[in-house]
Every structure is written in structure tokens, then in C-alpha cells.
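What the coordinates show
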Amino acid sequence: MIITVTLNPTLDKTLSVPALRPGEVHRARFLRQDIGGKGINVSRALRALGVASIPIGFLGGATGRAMRDGLTAAGYGARFVEVPGETRQNLTLLDESTGVYTKINEPGPTISLEHIAALHALVDELASPGDLWALCGSLPPGAPADLYADLIAAVQARGARAILDSSETALRLGLAARPAGIKPNSEEAAQALDQAVSSDEEHVAAVRGLCELLAPATPPAPVVCLTRGARGLLLASGGKLVMAEPPPVAARSPIGAGDATLAGLLWALLDGCDATEMARRAVACGTATAMQEGTGVGPRALVDELRPQVKVAQAPSA
């Protein structure tokens, strides 16, 4: 089973305007509204692939209840801890004249130690050997910076594997818990390692550095997936380090592409794939979602079409 953890979910609304002019009144065209947050986005992408998952996390207020009802109606089997306050609503605004997307994110409700204890109880109930747990996104207000580290330790103590996709302090502290895998982007890797990550050589060095930070005392080796946006990704698994590049496509929106990339990685891990196929699936899923409008998710048929077009090669030495 795959469980996705979203501690700060959101109701995502995407609007577009002919041309964005600050300080003026605009008449927007409504594009779409989706239940979101990084972990939930991963579950949506997994659903498009035909892979089941259970989303968990925190939800609050009328927005949270609407999201819970929507997930239940869609058959996700979601399990969320109810908190006071209102689950956030995030706005994505498309300037049609430039094709540039602007995101405005609310902070989300504040959680307490009581809610964290309830989350740990839920983890204790659900975690089983062999499961994959995707811990995704920002921490909500009130959460301790080491919450992901605590969840990683709890999950992996029960024989499951935790994959972390976060940033800044939450990522740095999470690395100390040695998750089974991580999926940072270039900027997040640079923050975690306190070093430049720009050139191909620096990306290779960053992957090797992250592998050293995660290396457990005993096998299996961790999975490190370092994404580079439209340039693809580097992936280390099983002692192999590969670079993967997407085919040229007409990208429409970068929103959710990283979450779909993680879904592709989880799909490959579930099937026991090697590093080459992991990278191929991850890039195909991210690319398929980047080809959709707003917060849409790439369909399985498109992912299957793109997979053989992804170029995967052994990474050069750092």
C-alpha cells in the first residue's frame, strides 16, 4: 500500500486573465478547482496511473469537510485528523498574455500537540511492513520543525519505507532520520547541503552527497531523486546513478509536475523497478502533468506514450 501524508492540504483554484496588470480590476476566467496539497496531488497522480493510495493528514473547517467529502466520494479512503480553523485555499493565476503562472498560498490552520498525537496514533494504526509512505510539502503553523523526522522514524520502525519531499529546515531535519528516499529539487538540495547545485557536475555531486547523508548501516541503499524541472532528473538507487531527460513537449503548466514525478517514483518502487526504469517512469509522469492546464494530472495513456521517449543514461562522475 502507498500512504501519502499532507500536513497542510489546500483547495486549489486556478483562474486566468487576458493580461495581469497590478492595481487594476480584472475579469477572470475560471479554469478549475481541485483538492490539493502535495501529498494529495501525489495520490491524484497515482489514481491516474491506476495505483491505489490512502491520503492522510490534517483538515479543518468547512473547506476541510468539503475536501474530506470529495476524497471519500472519489473512493480514496482518506483518513484525516480534524483540526480547528480553516484548511487553506490557494490561488493560481495565469496571465494569458505571457503564459506565466502566479501562485498565492495561504498559511493554513495552526495545529497543536494534541493534533500531532492524533496523527501519530493514525500512523501507528496504518503503518505495515513493505508499505510506502510519501511525506510531502510544507509543515503547517504550529508544527515542530522535526515533525517529518519523527514520522519517518515511526513509519520505518514498523518496516515501511518513507519517501520525503519537503524543503528547508523540515528537509534538513528529516534527512537525519534517514528516510528510504527523498525527492528534492535543485534549490532544495542546495539548501540541504549548503553548496551550489547548478551545473551537471554539481547535480551529480549533490546526489552523491545526499546518498552519503542517508546511507543506512545496512542495505538497502536509499533512493535519491534530484529533479531539475524541464531538464529532467538524476536518480540514485541500488548503487547506480542515472540522468533522465524528457522528450520535447508543449508544456502548459509546471504546477503539480513535481508531485506527479514523485507518483511515478512510487509506482516504480512498488513494482520493484531498477534505477533506469524508476527514472523513466518519474520523468514521464512529471512531463505528462506539465502538459496539462492548471492543476490537471497527466493520464496513464499519455504517460505510457512518453515513457519510451525519455532518455536515460549513466551519470558522469562528479
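Residues numbered from 1 in each chain as written. Predicted model: local features only at pLDDT ≥ 70, side-chain atom pairs only at ≥ 80, totals over all residues. Heavy atoms only, no water.

Right, let's get into the packing of helix H6 (residues 186-193) against helix H7 (residues 200-214). Describing two packed helices takes the angle between their axes plus the distance from one axis to the other. Across the interface, H6 lies against H7 with an axial gap of 10 Å and an inter-helix angle of 55°. In terms of orientation, H6 lies oblique with respect to H7. Pair H6 / H7 crosses with left-handed handedness. When H6 is examined against H7, the residues Ser-186, Ala-189 and Leu-193 are found in contact with a partner set consisting of His-203, Ala-206, Gly-209, Leu-210 and Leu-213. Of the residues contributing to the contact of H6 with H7, the split by class is five nonpolar, three polar and no charged. (Axes fitted to C-alpha atoms, helices over the stretch in contact; angles between N-to-C directions. Helix = DSSP H or I, 4+ residues; strand = E, 2+ residues; numbered from the N terminus. Parallel < 35°, antiparallel > 145°, perpendicular 65-115°, else oblique. Left-handed = near helix turned anticlockwise from the far one by under 90°. Contact = heavy atoms within 4.5 Å. Nonpolar A, V, L, I, M, F, W, Y, C, P; charged D, E, K, R; others polar.)

Moving on to the packing of helix H3 (residues 113-126) against helix H4 (residues 147-157). Where H3 meets H4, the closest approach of the two axes is 10 Å, and the angle between their N-to-C directions is 25°. When the interaxial angle is binned, H3 and H4 end up roughly parallel. Once H3 is placed against H4, the crossing between them reads as right-handed. In contact with Ile-116, Leu-119, His-120 and Val-123 of H3, H4 contributes Leu-147, Asp-150, Leu-151, Ala-154 and Val-155. Looking at the contact of H3 with H4, its residues break down into seven nonpolar, one polar and one charged.

Once that is clear, we can look at unusual backbone geometry. Positive phi values are uncommon outside glycine, yet Glu-168 reaches one of about 50°. Backbone geometry at Asp-194 places phi at a positive 55°, although glycine is not the residue there. Topologically, Asp-194 is positioned in the loop between H6 and H7.

Any space left empty among the atoms is revealed by the rolling of a water-sized probe across them. This structure, assessed with the given rule, holds three cavities of 30 Å³ or more. The calculated volume of the largest cavity comes to roughly 60 Å³. Forming the boundary of the largest cavity are Asn-41, Arg-44, Ala-45, Ile-255, Gly-256, Asp-259, Ala-260, Thr-289, Thr-295, Gly-296 and Val-297. Only helix H1 (38-49) and helix H8 (257-270) provide two or more residues apiece to the lining of the largest cavity. Per-element tally for the lining of the largest cavity: the top contributor is H1, with three residues. When grouped by side-chain class, the residues that make up the lining of the largest cavity number four nonpolar, five polar and two charged. (1 Å grid on protein atoms, 1.4 Å probe; cavity = no way out; pocket = protein on both sides within 12 Å on 5 of 7 lines; lining within 4 Å. Points joined across faces, edges and corners; volume = space filled by probe spheres on them.)

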